[in-house]
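What follows is each chain in one-letter form.
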Amino acid sequence: LFATACGPGYLDSGKKIAATDENKRVFEVVKAYHGAVENKDIDAIRGMVSKRYFENGGTTDDPSDDYGYDKLMPRLEMLVKNVKRVHLALQLRDLEVAGDTAWVEYFYSGRTLISEGNTDAYVKTDDTMRMRFAREGGRWLIVGGL
C-alpha cells in the first residue's frame, strides 16, 4: 500500500508536502516504478528511466563501481530472473521540485521471494531512498536512485 494522501492539500501525513500538480506528477513516477518492480515489468521500468541515468555505486571516491543506463538495465533483468514475488510498501518522506529537476525521499519496506537453484526464500528489506528526476520532453524521468 502507498501511504500518501492525508488531506486534499498534501501528499503525506508527516511532512505536509503540498499536493501541487508538479509534486503529484513526480510522486506518481515513484509509485509507478514501485508498481513495476512488484510486477517485475522491466519494460515499464525502462520507460521511466532517463538515458542520462547515473549511479556512483555508493562510493563517491571510487569510480570503478559507477554505472549508467546501459549497465542498469542488464542488472535489473538479471535480478528479475531470480525473483518470484515482490511486495512493497512506500511512505513519502520529502519531495522537492526545482525547475526541471526533482528528488523524492521515501521509506520502503518489502518482502521478496527469491529463487536460487532449488531453494526459495523470502527476504525482508526496508530502507530510506532518494530518487532523482529530470524533466525530459515534458515527462519526469528517473536519473538516479534506483
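Here is what the cut-offs are and how they apply
Residues numbered from 1 in each chain as written. Predicted model: local features only at pLDDT ≥ 70, side-chain atom pairs only at ≥ 80, totals over all residues. Heavy atoms only, no water. Buried < 20%, exposed > 50% of the residue type's maximum accessible area, 1.4 Å probe, protein only. Helix = DSSP H or I, 4+ residues; strand = E, 2+ residues; numbered from the N terminus. Arc of directions from axis to C-beta. 1 Å grid on protein atoms, 1.4 Å probe; cavity = no way out; pocket = protein on both sides within 12 Å on 5 of 7 lines; lining within 4 Å. Points joined across faces, edges and corners; volume = space filled by probe spheres on them. Nonpolar A, V, L, I, M, F, W, Y, C, P; charged D, E, K, R; others polar. Salt bridge = Lys/Arg side-chain N within 4 Å of Asp/Glu carboxyl O. Contact = heavy atoms within 4.5 Å. Polar contact = N/O pair within 3.5 Å; in protein donor to acceptor, adjacent residues only side chain to side chain.

Asks: How do you make sense of helix 3 (residues 69–82) when you look at a structure like this?
Replies: Taken residue by residue, helix 3 has Y69, L72, M73 and L76 as its buried positions. Buried residues of helix 3, viewed axially, fall in a sector of 95 degrees; they line one side. Within helix 3, the exposed residues directed more than 90 degrees away from the buried face are D70, K71, M78 and K81.

Asks: I'm lost on the layout of surface pockets in this one. Help?
Replies: To find the voids left in a structure, one rolls a probe of water-molecule size over its atoms. In this structure, the largest pocket encloses a volume near 800 Å³. Where the lining of the largest pocket is concerned, the elements lending two or more residues are helix 1 (21–38), helix 2 (42–48), helix 3, strand 4 (83–98), strand 5 (101–116) and strand 6 (119–136). Top contributing element to the lining of the largest pocket by residue count: helix 3, with seven residues. The residue makeup of the lining of the largest pocket, split by class, is 20 nonpolar, five polar and three charged.

Asks: Where do I start with the pattern of salt bridges in this structure?
Replies: Two side chains that carry opposite charge are able to pair once their charged atoms sit near each other. By the definition in use, this model includes nine salt bridges. A salt bridge links E22 to R135, with the nearest nitrogen and oxygen atoms 2.8 Å apart. Of this pair, E22 sits in helix 1 while R135 sits in strand 6, and the two are 113 residues apart along the sequence. As a salt-bridge pair, R46 and D43 come within 2.7 Å of each other at their nearest N and O atoms. Of this pair, R46 and D43 both sit in helix 2, separated by three residues, roughly a single helical turn. For R46, a relative accessible area of 27% puts it in the partly exposed group. Taking the relative accessible area as the measure of exposure, D43 reaches 57% and is therefore exposed. Salt bridges linked by common partners bring E22, R25, D100 and R135 together as one network.

Asks: Explain the environment of E105 to me, please; I cannot follow it from the model alone.
Replies: Topologically, E105 is positioned in strand 5. A relative accessible area of 24% means that E105 is categorised as partly exposed. A sequence separation of 24 residues divides E105 from M129, and the C-alpha atoms of the two residues are 5.6 Å apart. Non-local contacts of E105, meaning those with residues more than four positions away in its chain, are made with L92, R93, D94, T128, M129 and R130. Polar contacts involving the side chain of E105 include one to the side chain of R130, which spans 3.4 Å.

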